[in-house]
Amino acid sequence: MATDFHAHRPKSAARTLVSCVEEELSRYPLASLELHPWKLPERFEPLSPAFREALNDAAALGEIGLDRLRGPTLTVQQNYLEELLGLAAERHKPVVIHCVRATEELLGMLKHFPELRVLFHGFRGKPERLARLRERGLRVSLGRAALNDAALVEHLRSSGLDGIGFETDEAPEPIEIVLENAAEKLRLPPAELEARTDETFREFCFPA
Ligand SMILES: [Zn+2]
């Protein structure tokens with residue numbers, strides 16, 4: 001079965017980690033409790049007991065993260081992220097990260113949580129940045145557009161698919177189409193790509 005590593009609603013019968021708010025958690029078999037950096041208040045306030053409690057019913061925490069271009073000041077976002085990462089570590093939940101132009105800040109904060117399983121979602125950019133994230137033990141999920149970058153495709157062909165997943169996020173097409181397209185670009189049999197990414201997801205969400 002194909003895996004959609006990050007979406008806001010299911011788009012097919014594929015296994016889908018759906019990022020949603022507290023009230024929606026029970027709707028999905030695999031739900032991730034979201035506190036998007038765009039939606040954070042202007043001032044930091046500790047997480048509510050209800051939010052902390054809700055995490056028990058979720059498979060993961062996120063998307064959470066840092067965005068230099070939107071949301072409150074980066075300091076406020078970092079205060080929230082610190083608290084959220086601590087909560088995830090305490091509950092042994094994997095986290096889904098949204099990160100825009102704040103990779104160094106993110107990696108600096110993750111140093112304090114070496115045991116956390118982390119998925120960097122919606123990666124776009126240079127192979128060097130992808131390599132850096134994987135070296136630091138992060139899983140990385142890619143949308144369809146990421147593979148329009150020939151250098152990134154070349155990098156994945158030579159370095160392999162360890163820690164790599166695919167996602168639909170806000171795009172309407174189902175993950176099966178994204179995987180088909182990726183398999184073609186990576187010159188892999190579609191079934192092999194599906195099996196590899198399924199296994200990566202299993203290790204991320206349900207480690208033995
Ligand atoms: Zn998203």
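In this text, all values refer to a predicted model and were calculated from it rather than measured experimentally.

Section: the coordination of the zinc ion
Looking at the zinc ion, the protein donor atoms are His6 (NE2), His8 (NE2), Glu63 (OE) and Asp169 (OD), and they sit 2.2 to 2.3 Å from it. Because the angles between the 4 donor atoms bound to the zinc ion fall within 81 to 171°, the donor set is best described as irregular. The exposure class of His8 is partly exposed, given its relative accessible area of 22%. Given a relative accessible area of 2%, Glu63 falls into the buried group.

Remarks on the environment of Phe44
Mapping Phe44 onto the fold places it in the loop between strand E3 (31–33) and helix H1 (49–54). By relative accessible area, which is 29% here, Phe44 ends up partly exposed. When the C-alpha atoms of Phe44 and Thr75 are compared, they prove to be 9.1 Å apart, with 31 residues separating the residues in sequence. Once residues lying within four places of it in the same chain are set aside, the contact partners of Phe44 are Val76, Asn79, Tyr80 and Glu83.

Some remarks on helix H4 (residues 127–135)
Considered for burial, the residues of H4 that qualify are Pro127, Leu130, Leu133 and Arg134. Burial along H4 is one-sided: seen end-on, the buried residues are contained in an arc of 125°. Opposite the buried face of H4, by more than 90 degrees, sit the exposed residues Glu128 and Glu135. Residues of H4 that are buried sit in contact with helix H3 (103–110), strand E6 (118–123), strand E7 (139–142), helix H5 (150–159) and strand E8 (164–166).

Considerations on the side chain of Asp4
Residue position: Asp4 is located in strand E1 (residues 3–7). Although Asp4 is buried, it forms no salt bridge, and the closest oppositely charged side chain is Lys11 at an N-O distance of 4.9 Å. A polar side-chain atom of Asp4 sits 2.6 Å from a polar atom in the side chain of Thr168. What Asp4 contacts, discounting residues up to four positions off in sequence, is Arg15, Thr16, Leu17, Phe166, Glu167, Thr168 and Ile175.

Calculation criteria
- Residues numbered from 1 in each chain as written.
- Predicted model: local features only at pLDDT ≥ 70, side-chain atom pairs only at ≥ 80, totals over all residues.
- Heavy atoms only, no water.
- Donors = N, O, S within 2.8 Å, 3.2 Å for Na, K, Ca; no water.
- Tetrahedral: all angles 85-135°; square planar, octahedral: opposite > 155°, others 65-115°.
- Buried < 20%, exposed > 50% of the residue type's maximum accessible area, 1.4 Å probe, protein only.
- Helix = DSSP H or I, 4+ residues; strand = E, 2+ residues; numbered from the N terminus.
- Contact = heavy atoms within 4.5 Å.
- Arc of directions from axis to C-beta.
- Lys, Arg positive; Asp, Glu negative; His and termini not counted.
- Salt bridge = Lys/Arg side-chain N within 4 Å of Asp/Glu carboxyl O.
- Polar contact = N/O pair within 3.5 Å; in protein donor to acceptor, adjacent residues only side chain to side chain.

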